[in-house]
Amino acid sequence: MSSKILIADDDGLIRDAVTRILEMFGHEVVAFPGGQGVVDYLDNNRDFSHLAAIILDINMPGMDGFETMKAIRRQTDEVPVLFLTGAGSMEYAVKAINLGAYDFISKPIEDLDLFNVKIQRAIEKRSYVLQEKLYKVTLEKEVLAKTRELAEKNDLLRQYSRNLEISTVSTILSLQAALEAKDEYTAGHTTRVTEYALMIGRAMRLPDEDMTVLERACELHDIGKLVIDVSCIQKPGPLTPEEWLLVKKHPVVGESIIRPLTFLERERTVIRHHHERLDGKGYPDGLSGNDLDLLTRIVIVADSFDAMTSKRSYKVNMGRPAAFHELRACSGTQFDRGVVELFISLLQIADSA
């Protein structure tokens, strides 16, 4: 295995001898008369992947082997460093090991096989380090690519889910619009309730998520009337108790229609409870007070106001002043007082504009 090896030794004869031996074993060698040459080489070649090992003499004038080793480690700790030494001092060995030396080579070099074994071991270690580094880089790239791929798939899935939600709601709304269009008394009711509720929500500065839920809940609040016979509301005069019981089923039926659509979980709650009252006398569950969330309270006011001011076969519709009086009269029992006052003020401002 041919590899580039740096060597620094102030003794020209030893430097040349070690260079020739390394070249004999097939290695490329760059030799320097002192440690500063190695440091300068590393400064000018920041990519160290081509280096297999560095051989340093310990006793060199100027920058000795230990100082050179410290400078090398400030630049890289991946290239094995071997020390050339003729001194058998244990103190030198301990110091070299503490600095991170890989091995020692005694000089003069008499056992070429042992010398070659030590060089090959250093090269193998360097090769292992490079392979591990390459593996980590490759693994990081693969993880990054897989993460990006997964993110793209999740984006597509979210977009598909969003489109499916929009398509599903649009289909239901189309059916509801067709139903309303056949009844002069309910035509436009859903649109008006939605506008009223969103007006209140915007004035309250509700979060975007809540505004989306509020809009959908309003658009679907009477969806239960699609599957029950509410033709009785078109007849002149008041409804019989039996007819009222039938009409009062539509919140529960509406909720059951929406239940399979899990993305409408919050809307489903509003749909079921849009005929509840603060005093617990509403239907279908008789909820009261804090059991009714803010979005439901908004829809209750918007829906009731439109029912008061819209033409019905069984009653005379109110003008806005009378409807305002009714909302206030029922505040605290049927309606949320804060929602009522805000709604009335918004309509008055709109009328005066």
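Here is what the cut-offs are and how they apply
Residues numbered from 1 in each chain as written. Predicted model: local features only at pLDDT ≥ 70, side-chain atom pairs only at ≥ 80, totals over all residues. Heavy atoms only, no water. Buried < 20%, exposed > 50% of the residue type's maximum accessible area, 1.4 Å probe, protein only. Helix = DSSP H or I, 4+ residues; strand = E, 2+ residues; numbered from the N terminus. Pairing = 2+ DSSP bridges. Right-handed = clockwise from strand over helix to strand, strands pointing away. Phe/Tyr/Trp six-rings, centres within 6.5 Å; stacked < 30°, edge-to-face > 60°. Core = buried A, V, L, I, M, F, W, Y, C linked by side-chain atoms within 4.5 Å. Contact = heavy atoms within 4.5 Å. Polar contact = N/O pair within 3.5 Å; in protein donor to acceptor, adjacent residues only side chain to side chain. Salt bridge = Lys/Arg side-chain N within 4 Å of Asp/Glu carboxyl O.

A.B. asks: Help me understand the pairing of strand β1 (residues 4-8) in this model?
C.D. replies: The two faces of the sheet receive side chains in turn, since in a regular strand these alternate between them. Most of β1 sits inside the fold, with 5 of its 5 residues counted as buried. Every second residue of β1 is oriented toward a common face, with Lys4, Leu6 and Ala8 on one face and Ile5 and Ile7 on the other, all of them buried. In terms of strand pairing, β1 meets strand β2 (residues 28-32) through 5 bridges, oriented parallel. Bridging across to β2, Lys4 finds its partner in Glu28. Taking the sense of rotation as the criterion, the β-α-β connection linking β1, helix α1 (residues 12-24) and β2 turns out right-handed. As defined by bridge partners, β1 adjoins strand β3 (residues 51-57) across 5 bridges and the pair is classed as parallel. Of the residues in β3, the one forming a bridge with Ala8 is Leu56.

A.B. asks: Would you take a moment to explain the packing of aromatic side chains for this structure?
C.D. replies: Aromatic rings in a pair are described by how distant their centres are and how their planes are angled relative to each other. One pass over the full model with this rule turns up 7 aromatic pairs. With centroids separated by 5.3 Å and ring planes inclined at 80°, the aromatic side chains of Tyr196 and Phe305 adopt a geometry described as edge-to-face. Linking Tyr196 in helix α6 (residues 189-203) with Phe305 in helix α11 (residues 294-309), this pair joins segments that are 109 residues apart in sequence. Phe305 shares its class with Tyr196; the two are buried.

A.B. asks: Got a minute to help me understand unusual backbone geometry in this structure?
C.D. replies: Of all residues except glycine, most have a negative phi; of all peptide bonds, most are trans. For the bond from Lys107 to Pro108, the omega torsion is 5°, close enough to zero to count as cis. On the secondary structure map, Pro108 appears in the loop between β5 (103-106) and α5 (112-181). Positioned with a positive phi, Arg205 is a non-glycine residue whose angle comes to about 55°. Here Arg205 is to be found in the loop between α6 and α7 (208-220). Exposure remark for Arg205: the relative accessible area of 76% places this residue in the exposed category.

A.B. asks: What is the right way to read the nonpolar core from this model?
C.D. replies: Across soluble globular proteins, nonpolar side chains have a tendency to be buried as a group. Counting residues in hydrophobic clusters, the biggest one holds 34 residues, and the most contacted among them are Leu214, Ile298, Val301, Phe305, Leu327, Phe335 and Phe343. Looking at this core, the elements that each hand over two or more residues are α6, α7, α11, α12 (320-329) and α13 (337-352). Excluding its chain neighbours within four sequence positions, the residues that come into contact with Leu214 are Ala197, Leu198, Gly201, Leu206, Leu295, Ile298 and Val299. Listed in part, the 20 residues of the second largest apolar core include Leu6, Phe48, Met69 and Ala96.

A.B. asks: How should I be thinking about the side chain of Ser310 in this particular structure?
C.D. replies: With respect to the helices and strands, the residue Ser310 is situated in the loop between α11 and α12. A distance of 3.2 Å separates polar atoms of two side chains, one belonging to Ser310 and the other to Arg192. Only 2.5 Å separates the side chain of Ser310 from the backbone oxygen of Asp306, close enough to count as a polar contact.

A.B. asks: Where do I start with the pattern of salt bridges in this structure?
C.D. replies: Opposite charge on two side chains allows them to pair when their charged atoms are near. The tally for this structure, following the rule as stated, stands at 20 salt bridges. Note that Glu78 is salt-bridged to Arg126, the shortest N-O span being 3.6 Å. One end of the pair, Glu78, is in the loop between α3 (65-75) and β4 (81-85); the other, Arg126, is in helix α5, and 48 residues separate them in sequence. By relative accessible area, Arg126 is classed as buried at 2%. Its salt-bridge partner being Glu149, residue Lys146 comes within 4.0 Å of it at the nearest N-O pair. Note that Lys146 and Glu149 are positioned in helix α5 at a spacing of 3 residues, about one turn of the helix. Look at the salt bridges and you will find they share partners, linking Glu255, Arg259, Glu265, Arg268, Arg272 and Asp285 into a network.

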